[in-house]
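# Observations on the model geometry
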Amino acid sequence: MSEIMDIINAFKSECACGRKHAATIEDVQIASGLVHHVGEILRNNGFSENLLLIADKNTLAAADGITESLQGFHVEYKLYDNLRVADMEHVEEIESMIAGRDISVLSVGTGSVNDPCRLAAARQQKKLCIFATAPSMDGFASYSSPIVCGGFKSSYPAKSPEVIIGDTKILASAPAALKSAGFGDMVAKYISLVDWQISALLTGEYYCEKIASLARQAVDELMELADKVTVEDEYTAGKIFEALLKTGIGMSFSQNSRPASGAEHMIAHLMECKELEEGIVPNFHGDDVGVCTLAMLEYYHAMASVPAIRAQKESVDWEKVYRFYGAMSEDIRKLNEPENIIDEVSPELLEQKWPEICQIIRSIPSCEQCREAMRKAGCKLTVEDIGKTEAFFAVCTEYSPYMRKRLTLRRMHKMIRCL
Ligand SMILES: [Zn+2]
Ligand SMILES: [Zn+2]
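The model shown is predicted, which means the values in this text are computed figures rather than measured ones.

Scanning the protein for helices and strands turns up 17 helices and ten strands. The C-alpha radius of gyration of the protein comes to 21 Å, within 12% of the 22 Å expected for a compact globule of 419 residues. Referenced to the eigenvectors of the C-alpha coordinate spread, the extents of the protein come out at roughly 70 × 45 × 40 Å. Each of the 419 residues in the protein was classed as buried or not, and the buried ones make up 52%. Contacts in the protein between residues at least 24 apart in sequence constitute 82% of all its contacts with a sequence separation of at least 6.

As structure tokens, then:
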């Protein structure tokens, strides 16, 4: 049994957070040459003889040998040309192919291929296997699906796959750019975890130390491998994949994306939405997220160097916010009216807890340490590297905190006056 399954099973006992953690993941296999054993693995896990294989041209080519491994199955295919943006139409299309039938789903690819499958399989209650083709982001084991609907990207509760397969040979030979993006997505966890902890401190939001430690351990381990990320090495590729799975598993245990997504992901999501409006195909998720993480690391550590603050109620020019969001403004309004995530934060408590907040921030590596690791891992490092202007980046940083019902330190920017 893989180390990952041991971790999943270890979570099944009663947890100090008071919740009983359950994941629907039944089997995780990571090894060399697994592409030739996919049929066997699915059969062992009770998958239907009828299979819908979903991939795009690139991911199917990467999984060379997978069709031959499915002998004895009735395989139907849904092949996209180059699926870079997962849209609700993709979800509905997949749903229409599986609704009311005895059929299981095999998704071959990474984020944008897997995300619609996860939601369609959840809605139609079908078994799902994800065959990963690149260690490019951490959503493989995740419970929710980020999907674009009407130009607005949101996270939909979906399901974790029953089976996850990572063939280290394929993962190792994935394009270096995809592996670097995966690394960028992982470094983000430092900010995500800080935001989660701070929110728990100020609002009493649900927080699980065990899940947070799992994600923290995963990113710390990956930081050690920074200089090997772009090398075609099966051992390292397997380790990177495991780290990505761990944070995904964390998300499926917390039933939200708190362990893996904070202020940095919001900026990246907002930039992506704005680019989609313009018809621009977004960068790899982890490229944008990595650069946003560096910006937040700089900001968070700068805040942590402020010994004392004065806090006041947030005052926002909402009309200005909605004007900026344009076509998305109705969605944003629903997230901020009538009640607002920041209403729960008492300025007095924020002042009082400030030393503790600074301590939480100081527990993560510095911006320089992360930048250095990202440089070794071949990541994009600057706003220019990800093809944006400084002005666009700044405005997205400013407005992004309003696009989620989720408290981050960045969201409290307008409450805090440094002394
Ligand atoms: Zn727990
Ligand atoms: Zn991410």
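Still more ground to cover, so stick around.
The subject of this paragraph is the pairing of strand β6 (residues 144–149). For β6, the buried fraction is high: five of the six residues fall into the buried class. In this sheet, strand β7 (residues 152–157) lies alongside β6 in antiparallel orientation, the contact comprising six bridges. In the strand pairing of β7, Pro146 is matched with Ser155.

In this section: the domain arrangement of the protein. Often, the extent of an interface is quoted as the loss of accessible area upon association of its parts. Considered domain by domain, the protein is made up of domain 1 (3–174) and domain 2 (191–207 + 258–418). The C-alpha centroid of domain 2 is placed 30 Å from the C-alpha centroid of domain 1. Counting residues at the interface gives ten residues for domain 1 and 14 residues for domain 2. Split into classes, the residues belonging to the side of domain 1 that touches domain 2 amount to four nonpolar, three polar and three charged.

Going from Glu337 to Pro338, the amide bond is cis rather than trans, its omega being -5 degrees. The residue Gln125 is not glycine, and still its phi comes out positive at about 50 degrees. When you line up the elements, Gln125 lands in the loop between α5 (111–123) and β5 (128–132). Classification of Gln125 as exposed rests on a count of 8 C-beta atoms within 10 Å. You will see that Gln255, though not glycine, has its phi angle at about 60 degrees, which is positive. Position of Gln255 relative to the elements: it lies in the loop between α10 (234–254) and α11 (263–277). Gln255 sits in the partly exposed class, given 14 other C-beta atoms within 10 Å.

Side chains that are nonpolar tend, in soluble globular proteins, to be buried together. Judged by nonpolar contacts, the single largest core of 129 residues is most densely connected at Val108, Phe131, Ile164 and Val194. Counting contributing residues per domain, this core is built from domain 1 (3–174) and domain 2 (191–207 + 258–418), each supplying no fewer than three. In this structure, Val108 is in contact with Leu53, Ile54, Ala55, Thr59, Leu60, Ala63, Ile66, Val113, Phe131 and Thr133, ignoring residues within four places of it in sequence.

A few words now on the sheet that holds strand β4 (residues 104–109). Reading across from one edge, β1-β8-β5-β4-β2-β3 is the order of the six strands in this open sheet, with parallel pairing throughout. Each having just a single partner strand, β1 (27–31) and β3 (74–80) make up the two edges of the open sheet. Neighbour to neighbour, the strand axes of the sheet diverge by 15 degrees on average, direction disregarded. Strand direction decides the pairing type here: β4 and β5, joined by five bridges, are parallel. Within β5, the residue paired with Val105 across the bridge is Leu128. Contacts from α10 reach β1, β5 and β8 (163–167) within the one sheet, and its direction differs from that of β1 by about 160 degrees.

Before going further, it helps to examine the packing of helix α8 (residues 189–203) against helix α12 (residues 285–304). At a minimum axis distance of 9 Å, the contact between α8 and α12 shows a crossing angle of 50 degrees. Comparing their axes, α12 and α8 come out oblique. At the point where α8 passes α12, the crossing takes the left-handed sense. On α12, the residues touching Tyr190, Ile191 and Val194 of α8 are Thr293, Met296, Leu297 and Tyr300.

What counts and how
Residues numbered from 1 in each chain as written. Chains lettered and ligands numbered in written order. Predicted model: local features only at pLDDT ≥ 70, side-chain atom pairs only at ≥ 80, totals over all residues. Helix = DSSP H or I, 4+ residues; strand = E, 2+ residues; numbered from the N terminus. Rg over C-alpha atoms; globule rule 2.2 N^0.38 Å. Buried ≥ 20, exposed ≤ 12 C-beta atoms within 10 Å, placed from the backbone. Contact = placed C-beta atoms within 7 Å. Pairing = 2+ DSSP bridges. Domains from an automatic or database assignment. Nonpolar A, V, L, I, M, F, W, Y, C, P; charged D, E, K, R; others polar. Core = buried A, V, L, I, M, F, W, Y, C linked by C-beta atoms within 7 Å. Axes fitted to C-alpha atoms, helices over the stretch in contact; angles between N-to-C directions. Parallel < 35°, antiparallel > 145°, perpendicular 65-115°, else oblique. Left-handed = near helix turned anticlockwise from the far one by under 90°.

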